[in-house]
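# Geometric and topological summary
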Amino acid sequence: MPMDERQPMIGRLWSRLAATISGDGETDAPTGSRAYDPKRYRRLEDRAAGIRHALKSSTLTDRDRRGLENNLRNLELALRGMRALRGKTD
């Protein structure tokens, strides 16, 4: 895929990832009950799986690859924290 065709796809991925990580901004309590939301957890898992797939199957520039790998690490840390808050073990 030529770079100019891939660029909008990568931009959409970054914007969707930022929206997913930041969440909806809605919490039920000041304690951050958003962390217990199973829909949010599932969305984060799906996003991480999508990034893993993109890293395996697409030809990315070094800069894009580093950015996706960094975002994948951040998602995995967020998922680990959510599992800990929900009482699950890694």
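Note that this is a predicted model, so its numbers are computed, not measured.

Assigned secondary structure in the protein chain consists of 3 helices and 0 strands. In the protein chain, the succession of helices and strands from N to C terminus is α-α-α. By the burial criterion, 27% of the 90 residues in the protein chain qualify as buried. A sequence separation of at least 24 residues applies to 61% of the contacts in the protein chain between residues at least 6 apart. Entry remark: accessible area of the protein chain is about 6300 Å², with carbon and sulfur atoms responsible for 51%.

The next thing to look at is the pattern of salt bridges. Counting across every chain of the model gives 1 salt bridge. Residue Glu76 is joined to Arg52 by a salt bridge in which the shortest nitrogen-to-oxygen separation is 3.2 Å. Separated by 24 residues along the polypeptide, Glu76 in helix α3 (residues 62–86) and Arg52 in helix α2 (residues 38–57) bring together distant segments of the chain. Residue classification places Glu76 among the partly exposed residues on the basis of a relative accessible area of 33%. For Arg52, a relative accessible area of 34% translates into the label partly exposed.

In this model, the protein chain carries an average pLDDT of 75, and 57% of its residues clear a pLDDT of 70 or more. Across the protein chain, α2 holds the top mean pLDDT of 92, while helix α1 (residues 3–22) sits lowest at 61. Taken as a whole, residues 24–31 scores under 50 in pLDDT and shows 8 contacts with residues more than four places along the chain or in a different chain.

This part is about α3. Taking 1.5 Å as the rise per residue, α3 with 25 residues should run 36 Å; its terminal C-alpha atoms sit 36 Å apart, in good agreement. The set of residues buried in α3 consists of Asp64, Gly67, Leu68, Asn71, Leu72, Leu75, Leu79 and Met82. Within two residues after α3, Gly87 carries a phi angle of roughly 90°, on the positive side.

All right, on to the packing of α2 against α3 then. Where α2 meets α3, the axes come as close as 10 Å, and the angle between the chain directions of the two elements is 150°. When the interaxial angle is binned, α2 and α3 end up roughly antiparallel. The chirality of how α2 crosses α3 is left-handed. Together, Arg40, Tyr41, Leu44, Glu45, Arg47, Ala48, Ile51, Arg52 and Leu55 of α2 and Arg65, Leu68, Glu69, Asn71, Leu72, Leu75, Glu76, Leu79, Met82, Arg83 and Arg86 of α3 make up the contact between the two elements. In the contact of α2 with α3, the residues fall into 10 nonpolar, 1 polar and 9 charged.

For the rest of this paragraph, the subject is α2. For α2, built from 20 residues, the straight-helix expectation of 28 Å at 1.5 Å per residue is met to within 8% by its first-to-last C-alpha distance of 28 Å. At the N-terminal end of α2, a side-chain oxygen is found 3.3 Å from the backbone nitrogen of Lys39, two or three residues along, and the residue is Asp37.

Parameters at a glance
- Residues numbered from 1 in each chain as written.
- Predicted model: local features only at pLDDT ≥ 70, side-chain atom pairs only at ≥ 80, totals over all residues.
- Heavy atoms only, no water.
- Helix = DSSP H or I, 4+ residues; strand = E, 2+ residues; numbered from the N terminus.
- Buried < 20%, exposed > 50% of the residue type's maximum accessible area, 1.4 Å probe, protein only.
- Contact = heavy atoms within 4.5 Å.
- Areas by Shrake-Rupley, 256 points an atom, 1.4 Å probe, with all protein chains shown as cover.
- Salt bridge = Lys/Arg side-chain N within 4 Å of Asp/Glu carboxyl O.
- pLDDT = per-residue confidence, 0-100.
- Expected span 1.5 Å × (residues − 1).
- Axes fitted to C-alpha atoms, helices over the stretch in contact; angles between N-to-C directions.
- Parallel < 35°, antiparallel > 145°, perpendicular 65-115°, else oblique.
- Left-handed = near helix turned anticlockwise from the far one by under 90°.
- Nonpolar A, V, L, I, M, F, W, Y, C, P; charged D, E, K, R; others polar.
- Polar contact = N/O pair within 3.5 Å; in protein donor to acceptor, adjacent residues only side chain to side chain.

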